[in-house]
Amino acid sequence: MLKSKLAVFCILLFSAACFAQEQNAGIITYDNYLSQVNEKNPDLKAARILVDSMDNKAREIDMIYSPFLNGGVNYNDDKSGPGYGSVLYTKEMQIRSWNLGLSKKWHTGSTVTLGYANSQLTFDLLTPFTIPGNGALSYFGAYAMQPFLRVDQSLLRDFMSGMTDAGIKKTKASVRAARYIQVLRMQQIYLTVRASYLQLT
């Protein structure tokens, strides 16, 4: 008899535990609920994408003053005869040149470029050119290699009025304002989510 009562008690205890587990399985915790909202809510996704794009826009604006590399290559093969103001009667004249520079724009509107230039000329003459002490030459070349410094300054747009700098500050302020609106929008969504969860529980 005692064994029968003990068996019935164990069965009831096990059934109660299973029933409690089933009830708890249907309850969603706030962390799980918030995780599902973060994953599936389209308004939150859109707001996060907009915030990220605005952060990238602010970095893009600052890059107007970042240094940049510039360069150029030129090749010219002239067979038209005497040219470029030369007194030499050329059958052919080849010009090869290249330049490479590093430029930086400043808040005053100044753009400073520091670089290096190289030029090579080759002459093929119709008639030999006599050089005292070296005889007659009909084919010869020359070259020039030199560093350079160039400064470009905008007088009205930047130096006198600071238009570029003012435009950058205006755009950055607009980006920050729009970003704050999106952050506030996200906070409002989270408050609504919390209120909805409290009502459900």
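Reading guide: rules and limits
- Residues numbered from 1 in each chain as written.
- Predicted model: local features only at pLDDT ≥ 70, side-chain atom pairs only at ≥ 80, totals over all residues.
- Heavy atoms only, no water.
- Helix = DSSP H or I, 4+ residues; strand = E, 2+ residues; numbered from the N terminus.
- Buried < 20%, exposed > 50% of the residue type's maximum accessible area, 1.4 Å probe, protein only.
- Expected span 1.5 Å × (residues − 1).
- Arc of directions from axis to C-beta.
- Polar contact = N/O pair within 3.5 Å; in protein donor to acceptor, adjacent residues only side chain to side chain.
- Salt bridge = Lys/Arg side-chain N within 4 Å of Asp/Glu carboxyl O.
- Phe/Tyr/Trp six-rings, centres within 6.5 Å; stacked < 30°, edge-to-face > 60°.
- Lys NZ or Arg CZ within 6 Å of the ring centre and 35° of its normal.

K.L.:
Mind laying out the environment of R194, listing which residues take part and the relevant values?
P.N.:
Mapped onto the elements, R194 comes out in helix α5 (residues 163-200). Under the relative-accessibility criterion, R194 is labelled partly exposed at 42%. When the C-alpha atoms of R194 and Y30 are compared, they prove to be 8.0 Å apart, with 164 residues separating the residues in sequence.

K.L.:
Describe helix α3 (residues 42-62), naming the residues involved and giving the relevant values.
P.N.:
Here α3 is 21 residues long and its end C-alpha atoms lie 31 Å apart, about the 30 Å a rise of 1.5 Å per residue gives. Burial in α3 covers these residues: L44, A47, V51, M54 and I61. Projected onto a plane normal to the axis of α3, the buried residues spread over an arc of 115° and lie on a single side. In α3, the exposed positions angled more than 90 degrees off the buried face are occupied by P42 and I49. Where α3 begins, the capping side chain belongs to N41, and its oxygen is found 2.9 Å from the backbone nitrogen of D43.

K.L.:
Which residues make up the pattern of salt bridges, and what values do they have?
P.N.:
Any two side chains of opposite charge can pair, given that their charged atoms come close. Scanning all chains against the criterion turns up three salt bridges. Here D43 makes a salt bridge to R185, at a shortest N to O gap of 3.6 Å. Placement of D43 in helix α3 and of R185 in helix α5 is noted, with a sequence separation of 142 residues between them. D43 gets classed as partly exposed once you look at its relative accessible area, which sits at 39%. Between R179 and D55 there is a salt bridge; the shortest N-O distance is 2.7 Å. Of this pair, R179 sits in helix α5 while D55 is found in helix α3, placing the two residues 124 residues apart along the sequence.

K.L.:
Break down the packing of aromatic side chains for me, with residues and values.
P.N.:
Under the counting rule described, the total for this entry stands at one aromatic pair. With centroids separated by 6.1 Å and ring planes inclined at 35°, the aromatic side chains of W98 and Y116 adopt a geometry described as tilted. Residue W98 is located in strand β2 (residues 90-105), and its partner Y116 is located in strand β3 (residues 110-131); the two are separated by 18 residues in the primary sequence. Residue class for W98 comes out partly exposed when judged on its relative accessible area of 37%. For the cation-ring pair, K104 lies above W106, with the distance from its terminal atom to the ring centre recorded as 4.2 Å.

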